[in-house]
Amino acid sequence: MKLICLIDNAVHPHSNFWGEHGLAFLVESEEGRVLFDTGASGAVLMHNLEMAHIAPGAISALALSHAHSDHTGGVPELLERRPGLPIYGHSDLLRGRFSQRGGEMRTRGLPLASEILRQRADLRLSEEAQEILPGIWTTGEIAERAEPEGRSAHHFVRQGDGGWVPDPYRDDMALILECPQGLVLVCGCCHAGLLNTLAHVRRAFGQDPMAVVGGMHLVSADDLHLRRLVEVLRRLGPPALYPNHCTGQMAYVALAQAFGDAVSPCSAGTTLEF
């Protein structure tokens, strides 16, 4: 398995990749290529695919970690270049998402209406884990959340009566790569919470991951949360950690101080092989 970070807030030194506030990974295996999220814009996605020497037509499937636009903004451009693309995600993915800023509600979800998306793509949405290609899985819904979640006070959804409630992030999922050495967990934004996601992986896949890659949404985690996370990760080995996107600098420093060389950055242009 090869994992390329296509889009991140930061860019790998000396790379020709572009950066933006968003996330996208490309998973390459002998069976094909899976794109995980699309970043915030089609322009950056297409440029970075070109830098990685990947044609949109060579992508076997797209998996979406959740609906927020910094992960789905490249979907319209991608479907222009690769119509009929299978898209994997949670069954709640098409629900409208909003962000409250300055007293105003702004759209924060998928950039295409659900009817148009159904016409242009092959939607494969489920609460259950799905195997996209051999050895490449969605985690399914992370329903049990005993530990802190990766929440934002700005995120809302509409209720049936038209009122606003905090986004429950039911659509938040991750990817699992089954590698010879063990499992690799690839996170999009971890709104369900990294500790909850790790516990879900153990229940659903029978083992703990040997590596955790991607956005861990620890940007607002307090000291107590970070100490608890370090404690759990230490019991797990720790796994190799490649944080990016919404992890946050304080959390990155806390992890690096605790685990040293087991922690590495994962900016756009980074390639990992398992």
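Just above, that's the structure.
A brief look at the structure comes next. (Residues numbered from 1 in each chain as written. Predicted model: local features only at pLDDT ≥ 70, side-chain atom pairs only at ≥ 80, totals over all residues. Heavy atoms only, no water.)

## Details of the overall build of the chain
Then comes step 1: Scanning the chain from terminus to terminus reveals seven helices and 17 strands.
Then comes step 2: Radius of gyration (C-alpha) of the chain: 17 Å, near the 19 Å computed for a compact globule of 274 residues.
Then comes step 3: Along the longest, intermediate and shortest principal axes, the C-alpha atoms of the chain span 45 × 45 × 35 Å.
Then comes step 4: Out of the 274 residues in the chain, the part that is buried amounts to 55%.
Then comes step 5: A distance of 3 Å separates the average location of the 22 positive side-chain charges in the chain from that of its 32 negative side-chain charges. (Helix = DSSP H or I, 4+ residues; strand = E, 2+ residues; numbered from the N terminus. Rg over C-alpha atoms; globule rule 2.2 N^0.38 Å. Buried < 20%, exposed > 50% of the residue type's maximum accessible area, 1.4 Å probe, protein only. Lys, Arg positive; Asp, Glu negative; His and termini not counted. Charge placed at Lys NZ, Arg CZ, Asp CG, Glu CD.)

## Considerations on helix α7 (residues 249–259)
Then comes step 1: For α7, every residue scored as buried is listed here: A251, L255 and F259. Seen end-on, α7 carries its buried residues on one side only, within an arc spanning 45°. Away from the buried face of α7 by more than 90 degrees, exposed residues Q249, M250 and Q257 are located.
Then comes step 2: Contact partners of the buried residues in α7: α6 (223–235) and β16 (240–244). (Arc of directions from axis to C-beta. Contact = heavy atoms within 4.5 Å.)

## Quick notes on the pattern of salt bridges
Then comes step 1: Applying the stated criterion across every chain yields a total of 19 salt bridges.
Then comes step 2: Its salt-bridge partner being E77, residue R81 comes within 3.0 Å of it at the nearest N-O pair. Pair noted here: R81 and E77 are both in helix α3 (residues 75–81), with a separation of four residues, about one helical turn.
Then comes step 3: Linked through salt bridges whose partners overlap, the residues forming this network are D92, R97, D167 and D171. (Salt bridge = Lys/Arg side-chain N within 4 Å of Asp/Glu carboxyl O.)

## Digging into the sheet that holds strand β15 (residues 211–215)
Then comes step 1: Ordered in space as β9-β10-β13-β14-β15-β16, the six strands form an open sheet in which the pairing is mixed. What marks the edges here is a single partner per strand, and that holds for β9 (131–133) and β16. Ignoring strand direction, the axes of neighbouring strands in this sheet form an average angle of 20°. (Pairing = 2+ DSSP bridges. Axes fitted to C-alpha atoms, helices over the stretch in contact; angles between N-to-C directions.)

## Considering the sheet that holds strand β3 (residues 32–36)
Then comes step 1: A sheet is described by the order of its strands in space; here seven strands give the open sequence β8-β5-β4-β3-β2-β1-β17, paired in mixed fashion. Both edges of this open sheet fall to β8 (122–125) and β17 (271–273), since each of them pairs with a single strand only. Pairs of neighbouring strands in the sheet enclose a mean axial angle of 20°, with direction left out of account.
Then comes step 2: Looking at chain direction, β3 and strand β4 (residues 61–63) are connected through three bridges and run parallel.

## Quick word on the pairing of strand β5 (residues 86–89)
Then comes step 1: Where burial is concerned, the two faces of β5 agree: the one with P86 and Y88 and the one with I87 and G89 are both buried.
Then comes step 2: As paired strands, β4 and β5 are joined by two bridges and run parallel to one another. Paired with L62 across the strands is I87, a residue of β5.
Then comes step 3: Examined bridge by bridge, β5 and β8 share four bridges and lie parallel to one another. Paired with P86 across the bridge in β8 is D122.

## Focus: the packing of α6 against α7
Then comes step 1: At their nearest, the axes of α6 and α7 sit 11 Å apart, and the two run at 40° to each other. When the interaxial angle is binned, α6 and α7 end up oblique. With respect to the hand of their crossing, α6 and α7 are arranged in right-handed fashion. Counting all contacts with α6, which are made through L226, L229, V230, L233 and R234, the residues of α7 involved are A251, A254, L255, A258 and F259.
Then comes step 2: Here the residues of the contact of α6 with α7 sort into nine nonpolar, no polar and one charged. (Parallel < 35°, antiparallel > 145°, perpendicular 65-115°, else oblique. Left-handed = near helix turned anticlockwise from the far one by under 90°. Nonpolar A, V, L, I, M, F, W, Y, C, P; charged D, E, K, R; others polar.)

## With respect to the environment of L110
Then comes step 1: Within the secondary structure, L110 sits in the loop between β7 (104–107) and α4 (114–120).
Then comes step 2: C-alpha separation for the pair L110 and P76, spaced 34 residues apart in sequence, amounts to 9.4 Å.
Then comes step 3: Beyond its immediate stretch of four places on either side in the chain, L110 contacts L64, A67, T72, L93, L94 and L117.

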